[in-house]
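Breakdown of the fold
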Amino acid sequence: MNWISRSHTDQLYRELLSSDSPVRISTSELLLRRAIAREIYRREGIKCLDRVAFEGNEQAMGFLFCTIASAEPELAKSELQARGLSMELNLVLQMTIDALKASAVRGASELLKSENLWGEGVGMGYTEFAEDFNFREYLSQTSSSAGKVEAFKYLAAKDPDEAAACMLEGFQWEIAGSMLDGRSAVAGRQEAIKWMADEIGKVPDRYRKMELNDLARHCDARDSEMMMNQLGARQDRLDFAVSSISQFRDEKIEYFATLPEEFRISVMNQWLESIRLTNWGKDPEMALKMMDQMKIPAEQYEALLKVQSGVAN
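Presented here is a report on the structure given in the accompanying data block. (Residues numbered from 1 in each chain as written. Predicted model: local features only at pLDDT ≥ 70, side-chain atom pairs only at ≥ 80, totals over all residues. Heavy atoms only, no water.)

A few words on the state of the cysteines. Under the counting rule described, the total for this entry stands at zero disulfides. With no disulfide of its own, C66 lies closest to C48 among cysteine sulfurs, the gap being 12 Å. For C66, a relative accessible area of 8% translates into the label buried. (Disulfide = S-S within 2.5 Å. Buried < 20%, exposed > 50% of the residue type's maximum accessible area, 1.4 Å probe, protein only.)

All right, on to the packing of helix 15 (residues 221-230) against helix 16 (residues 234-245) then. One can describe the packing of helix 15 onto helix 16 by two numbers: an axis separation of 10 Å at closest approach and a directional angle of 165 degrees. Relative to helix 16, helix 15 is oriented roughly antiparallel. Handedness of the crossing formed by helix 15 with helix 16: left-handed. Between helix 15 and helix 16, the contacting residues are S224, M227 and M228 on the first element and R237, F240 and S244 on the second. For the contact of helix 15 with helix 16, the residue count by class is three nonpolar, two polar and one charged. (Axes fitted to C-alpha atoms, helices over the stretch in contact; angles between N-to-C directions. Helix = DSSP H or I, 4+ residues; strand = E, 2+ residues; numbered from the N terminus. Parallel < 35°, antiparallel > 145°, perpendicular 65-115°, else oblique. Left-handed = near helix turned anticlockwise from the far one by under 90°. Contact = heavy atoms within 4.5 Å. Nonpolar A, V, L, I, M, F, W, Y, C, P; charged D, E, K, R; others polar.)

Take helix 7 (residues 89-106) next. Along its 18 residues, helix 7 runs 26 Å from first to last C-alpha, staying within 8% of the 26 Å computed at 1.5 Å per residue. Here helix 7 has its buried residues at L91, V92, M95, T96, I97, D98, A99, L100, A102, S103 and A104. For helix 7, the elements touching its buried residues are helix 3 (27-44), helix 5 (58-71), helix 6 (73-82) and helix 8 (108-118). Immediately downstream of helix 7, the backbone of G107 shows phi near 140 degrees, a positive value. (Expected span 1.5 Å × (residues − 1).)

One can describe the packing of helix 16 onto helix 18 (residues 261-275) by two numbers: an axis separation of 9 Å at closest approach and a directional angle of 60 degrees. The orientation of helix 16 with respect to helix 18, classified from their angle, is oblique. Considering how the two elements wind past one another, helix 16 and helix 18 form a crossing that is right-handed. Of the residues in helix 18, those in contact with R234, Q235, R237, L238, D239, A241, V242 and I245 of helix 16 are E262, F263, S266, V267, Q270, W271 and S274. Class assignment of the residues belonging to the contact of helix 16 with helix 18 gives a composition of seven nonpolar, four polar and four charged.

To continue, consider the packing of aromatic side chains. Taken as a whole, this structure holds ten aromatic pairs when the rule is applied. Plain terms: the ring middles of Y255 and F256 are 4.9 Å apart, the flat faces sit at 65 degrees to each other, and that makes the pair edge-to-face. Judged by its relative accessible area of 11%, Y255 is buried. Chaining the aromatic ring pairs together yields one cluster made of F129, F133, F135, Y138 and Y154. Sitting over the face of the ring of Y13, R51 holds its NZ or CZ atom 4.0 Å from the ring centroid. We note K77 situated over the ring of W118; from NZ or CZ to the ring centre the distance is 5.2 Å. (Phe/Tyr/Trp six-rings, centres within 6.5 Å; stacked < 30°, edge-to-face > 60°. Lys NZ or Arg CZ within 6 Å of the ring centre and 35° of its normal.)

Here we take up the pattern of salt bridges. Evaluation of the coordinates by the stated rule reveals 23 salt bridges. Put simply, R83 and D50 hold a salt bridge, and the shortest N to O gap is 2.8 Å. Of this pair, R83 sits in the loop between helix 6 and helix 7 while D50 is found in helix 4 (residues 48-55), placing the two residues 33 residues apart along the sequence. On the accessibility criterion, D50 (45% relative accessible area) is partly exposed. (Salt bridge = Lys/Arg side-chain N within 4 Å of Asp/Glu carboxyl O.)

What follows deals with the environment of A216. For A216, the location among the structural elements is in helix 14 (residues 205-218). Take A216: its relative accessible area is 0%, and that puts it in the buried class. Taking C-alpha positions, A216 is 5.2 Å from S244, a pair spaced 28 residues apart along the chain. If sequence neighbours within four positions are ignored, A216 has contacts with F240, S243, S244, Q247 and K252.

Another aspect to go through is helix 5. Here helix 5 contains 14 residues, and its C-alpha end-to-end distance of 20 Å stays within 8% of the 20 Å for a straight helix at 1.5 Å per residue. Burial within helix 5 is extensive, with eleven of its 14 residues counted as buried. All buried positions along helix 5 are accounted for by Q59, A60, M61, G62, F63, L64, F65, C66, T67, I68 and A69. Along its buried surface, helix 5 packs onto helix 2 (9-17), helix 3, helix 4, helix 6, helix 7 and helix 8. The backbone nitrogen of Q59 has a side-chain oxygen 3.2 Å away, supplied by the residue at the start of helix 5, namely N57. (Polar contact = N/O pair within 3.5 Å; in protein donor to acceptor, adjacent residues only side chain to side chain.)

So this is what it looks like as structure tokens:
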């Protein structure tokens, strides 16, 4: 895209104003328009909005607004309000995402400032952080769930000891699955599971089941087998198994159905107790189906169904 920096400004405007419908625009075209918008803003500053507004091209305006949001989030927010575009939800959402991602690359304080200005960004996560990003500063002050997830994922890949320390210090719970995914990106799944299983053993008892449940959501059948082989405490293995079969994924249940009979009965007992006060607890057919999938001996059915109904308590 070197031609962009050598092109006359009027040519760049023509290219930007020729933007196609966002429904039909390709990824390459999207990247091209964004690069053109950045160059126009670098040359023209905020006045570029007036020229595009005069042409009435909403998509071109969106590219420029997102460029400004990335570079100067406060100015972008001010111009958005001044031009009466605060209710253009798709535009605001994309500006929010661009502003926050650009701020993450600048540092923790900048990201916190942008979050305060723009909000969290619905369902978004950051994919890149500044080399000297202060994760403790960010994790201790942000209210963004998506931001915390991506911060822990990135930190687990970059500095697993620090990621584990931040988890154990309570910066965020229900985060083990994201840490596992982050560590897997650089160490491979098997090594990441060994690391995470060891760290889970250090989590305080009142939070451990929560973290095992989060891990179960991030593990497929093969991961589950590796995790079960690494978890040390029997109760941890039980909690992980119960969370896993609660997802009702056949391939995972098939794996847990291969474990020793005594352990499978314990898993079923704990699972039935966990659903007893839910709508699932009122459905004996669901319990019977799970017992069948888990290959529970028929002579155990009656006693286990009493657990589900509460009679055994």
